Amino acid sequence: MNLVVLISAILFAAAGCSSVGSTSPLPGTPIASAGEAQQQLAAKGRSQFLHCNSCHVLDAAAPPPFGDSLGPHLERIVGRPSASVEGFAYTEKLQALDLVWDEETLDQWLQQPQAMVPGMCEPFMGMANPEHRKALIAYLQNPPN
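Parameters and conventions
- Sequence order sets the numbering: in each chain, residues are counted from 1 along the sequence as written.
- The predicted origin of the model limits local features to residues at a pLDDT of at least 70 and limits the giving and counting of side-chain atom pairs to 80 or more, whereas totals for whole chains, interfaces and linings rest on all residues.
- Calculation of side-chain values draws on the structure's entire complement of heavy atoms; hydrogens and water are dropped beforehand.
- A run of H or I in DSSP becomes a helix once it reaches four residues, and a run of E becomes a strand once it reaches two; helices and strands are each numbered from the N terminus.
- When accessible area is computed with a 1.4 Å probe and restricted to protein chains, residues below 20% of their type maximum are described as buried, those above 50% as exposed, and intermediate ones as partly exposed.
- Residues count as neighbours in contact if any of their non-hydrogen atoms are within 4.5 Å of one another.
- Residue exposure ignores everything except the shown protein chains as possible cover, and the areas themselves are Shrake-Rupley values with a 1.4 Å probe.
- Residue types Ala, Val, Leu, Ile, Met, Phe, Trp, Tyr and Cys, when buried and joined through side-chain atoms within 4.5 Å, form a set referred to as a nonpolar core.
- Pairing of aromatic side chains here covers Phe, Tyr and the six-membered ring of Trp, requires ring centres within 6.5 Å, and sorts the geometry by plane angle: under 30 degrees stacked, over 60 edge-to-face, intermediate tilted.
- Each C-beta atom gives one direction from the helix axis, and the arc is the one those directions make.
- Between N or O atoms, a polar contact is any pair within 3.5 Å; within protein, one atom must be a potential hydrogen donor and the other a potential acceptor, and residues adjacent in sequence are included only when both atoms are from side chains.
- By definition, pLDDT measures how confident the predictor is in each residue, and it falls between 0 and 100.
- To obtain each axis, a line is fitted to C-alpha atoms, and for helices this fit is confined to the stretch in contact; angles are then taken between N-to-C directions over 0 to 180 degrees.
- Note that the term roughly parallel is reserved for angles under 35 degrees, roughly antiparallel for angles over 145, roughly perpendicular for angles of 65 to 115, and oblique for everything else.
- Ten residues, namely Ala, Val, Leu, Ile, Met, Phe, Trp, Tyr, Cys and Pro, are considered nonpolar, four, namely Asp, Glu, Lys and Arg, are considered charged, and the remaining ones, Gly among them, are considered polar.

Asker: Describe in detail the overall build of the chain, supporting the description with residues and values.
Answerer: A count of helices and strands for the chain gives 6 helices and 0 strands. Each of the 145 residues in the chain was classed as buried or not, and the buried ones make up 28%. Pairs at least 24 residues apart make up 36% of the contacts formed inside the chain by residues separated by at least 6 positions. Accessible surface for the chain amounts to roughly 9,900 Å². Of this, 59% is attributable to carbon and sulfur atoms.

This is the structure we're talking about:
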């Protein structure tokens, strides 16, 4: 009887050491640095930019009106005050927002722009998937070459 209890205790303890269901990489798997992980996320965000490129360009040097776009360029948008691209005719609603396009604000905007400013971005109904928004914001922060 004691042998059964001992074997059960050993098996129970060993089960706690199991890697089943673990999120740790397998031994020998390279671990991406924080910078590499951000670059990988930004690369995924490139495909999400398709939601934006019918109205926006990334390059601030695009010829007016910003490469035939309907919206202002998005170069260095993360950290930029709203309605601040010189030469772009913003609506009064957007000018009145007085906000900074940080990660949180961009996430809210990308999820549902009409909730922040009714009537804005009519063709774009938002991005429901939070991972897609996160990837797009990473791309806007640092577009890969």
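Asker: Any chance you could break down the nonpolar core for me, citing the residues and the numbers?
Answerer: Phe-49, Leu-74, Trp-101, Leu-136 and Leu-140 are the most contacted members of the largest nonpolar core, which totals 19 residues. Elements supplying a minimum of two residues to this core: helix H4 (103-111) and helix H6 (130-141). A total of 4 residues in this core trace back to one element, the largest contributor, which is H6. In this view, Phe-49 contacts His-56, Val-57, Leu-58, Leu-74, Leu-136, Tyr-139 and Leu-140; residues no more than four positions away in its chain are not counted.

Asker: Tell me about the packing of aromatic side chains, residues and numbers included.
Answerer: Scanning the model with the defined rule gives 3 aromatic pairs in all. Plain terms: the ring middles of Phe-88 and Tyr-90 are 4.9 Å apart, the flat faces sit at 65° to each other, and that makes the pair edge-to-face. Classification of Tyr-90 as buried rests on a relative accessible area of 13%. Arranged with centres 5.3 Å apart and planes meeting at 75°, the rings of Trp-101 and Trp-109 form a pair that is edge-to-face. Grouping residues by exposure puts Trp-101 and Trp-109 together as buried.

Asker: How would you explain H4 if you had to name every residue and give the values?
Answerer: One turn of an α-helix holds 3.6 residues; hence residues three or four places apart share an orientation. Residues Thr-105, Leu-106, Trp-109 and Leu-110 constitute the buried set of H4. Taken around the axis of H4, the buried residues stretch over an arc of 130°, which confines them to a single face. Buried-residue contacts for H4 involve helix H5 (113-116) and H6. At the N-terminal end of H4, a side-chain oxygen is found 3.3 Å from the backbone nitrogen of Glu-104, two or three residues along, and the residue is Asp-102.

Asker: Hey, could you go over the confidence of the model for the chain for me, with residue numbers and the actual values?
Answerer: Should pLDDT be low for a region, the predicted coordinates there are not to be read in detail. Looking at the chain as a whole, its pLDDT mean stands at 79, while 72% of the residues score no less than 70. Overall, residues 3-24 carries pLDDT values under 50, and its contacts beyond four positions in sequence, including any with other chains, amount to 0 contacts.

Asker: Explain the packing of helix H2 (residues 34-48) against H6 residue by residue, including any values.
Answerer: Running from amino to carboxyl end, H2 crosses H6 at an angle of 105°, the nearest separation of the two axes being 6 Å. Considering their axes alone, H2 and H6 lie roughly perpendicular with respect to each other. Across the interface between the two elements, Gln-38, Leu-41, Ala-42, Lys-44, Gly-45, Arg-46 and Gln-48 from H2 touch His-132, Lys-134, Ala-135, Leu-136, Ala-138, Tyr-139 and Gln-141 from H6. Residue classes in the contact of H2 with H6 are distributed as 6 nonpolar, 5 polar and 3 charged.

Asker: Requested: an account of the environment of Leu-74, with residues and values cited.
Answerer: On the secondary structure map, Leu-74 appears in the loop between H2 and helix H3 (92-95). Its relative accessible area of 8% is what places Leu-74 among the buried residues. Taking the C-alpha atoms as reference points, Leu-74 and Gln-141, 67 residues apart in sequence, are found 9.6 Å from one another. Ignoring sequence-local partners within four residues, the contact set of Leu-74 consists of Phe-49, Cys-52, His-56, Val-57, Leu-58, Arg-80 and Leu-140.

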